[in-house]
Amino acid sequence: GGLVQQGILPYHYHKDALAAGEAMVKAPDLPGNMTVSPPSARMKVLDRSVYDVIDTPDLQAAYTSGAASIDDVRVFHFTGGCVKPWMCDAPRTTLCNTMRDRWWEIRAEFAAS
């Protein structure tokens, strides 16, 4: 990878756990299936159906099953199959459509202020 903080920050928050030989049990971080952080880690695992949301098949399954709600999304990435709101491309999923509409609402509020 490039010179970005994505590897440095996780290392910083996990360095004590790494030094102690503690393992992290990685999971999809969706409701009912969250990563278990080592005891010495200094971070909180967040539900990715709410934070750091990227439209993926497992996330779509969580929304469809009712395990998660699109209304709870707080941080969303327009990437992959969910293009930027100003692009001339139709949303491919209900999640993309909802987030695009929400983006335009927030933009209109900002423009009016």
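This section reports on the structure supplied with the text. (Residues numbered from 1 in each chain as written. Predicted model: local features only at pLDDT ≥ 70, side-chain atom pairs only at ≥ 80, totals over all residues. Heavy atoms only, no water.)

**Section: the state of the cysteines**
This structure, assessed with the given rule, holds one disulfide. The side chain of C82 participates in a disulfide bridge whose partner is C96; the two sulfur atoms lie 2.1 Å from each other. Here the residue C82 occupies a position in the loop between α2 (57-65) and α3 (94-112), and C96 occupies one in helix α3, the gap between them amounting to 14 residues. Taken as a pair, C82 and C96 share a single burial class, namely buried. (Disulfide = S-S within 2.5 Å. Helix = DSSP H or I, 4+ residues; strand = E, 2+ residues; numbered from the N terminus. Buried < 20%, exposed > 50% of the residue type's maximum accessible area, 1.4 Å probe, protein only.)

**Comments concerning the nonpolar core**
The biggest cluster of nonpolar side chains holds 14 residues, and the ones touching the most others in it are V53, L59, Y63, V73, F76, L95 and M99. When residues of this core are traced back to their parent elements, those giving at least two are α2 and α3. (Core = buried A, V, L, I, M, F, W, Y, C linked by side-chain atoms within 4.5 Å.)

**Some words on the packing of aromatic side chains**
Taken as a whole and assessed by the stated rule, the structure comprises three aromatic pairs. For the ring pair F76 and F78, a centre distance of 4.9 Å and an interplane angle of 75° mean the geometry is edge-to-face. Judged by centre distance (5.3 Å) and plane angle (50°), the rings of W86 and W103 are tilted. Here W86 is found in the loop between α2 and α3, whereas its partner W103 is found in helix α3, with 17 residues between them in sequence. Overall, W103 belongs to the partly exposed group, its relative accessible area being 27%. (Phe/Tyr/Trp six-rings, centres within 6.5 Å; stacked < 30°, edge-to-face > 60°.)

**A look at the environment of V73**
Examined against the element boundaries, V73 turns out to sit in the loop between α2 and α3. Residue class for V73 comes out buried when judged on its relative accessible area of 2%. Sequence separation between V73 and V53 is 20 residues, and the spatial gap between their C-alpha atoms is 7.2 Å. In this view, V73 contacts S49, V50, V53, Y63, L95, M99 and R102; residues no more than four positions away in its chain are not counted. (Contact = heavy atoms within 4.5 Å.)

**So, the pattern of salt bridges**
This model, assessed by the stated rule, comprises three salt bridges. The shortest N-O distance in the salt bridge between R48 and D58 comes to 2.6 Å. A residue pair is termed long-range when its members are at least 10 positions apart, and R48 in the loop between α1 (8-19) and α2 and D58 in helix α2 qualify at 10 residues. (Salt bridge = Lys/Arg side-chain N within 4 Å of Asp/Glu carboxyl O.)

**Details of the side chain of T56**
When you line up the elements, T56 lands in the loop between α1 and α2. At a separation of 3.4 Å, a polar atom in the side chain of T56 contacts the side chain of R48. Separated by 2.5 Å, the side chains of T56 and D58 make a polar contact. (Polar contact = N/O pair within 3.5 Å; in protein donor to acceptor, adjacent residues only side chain to side chain.)

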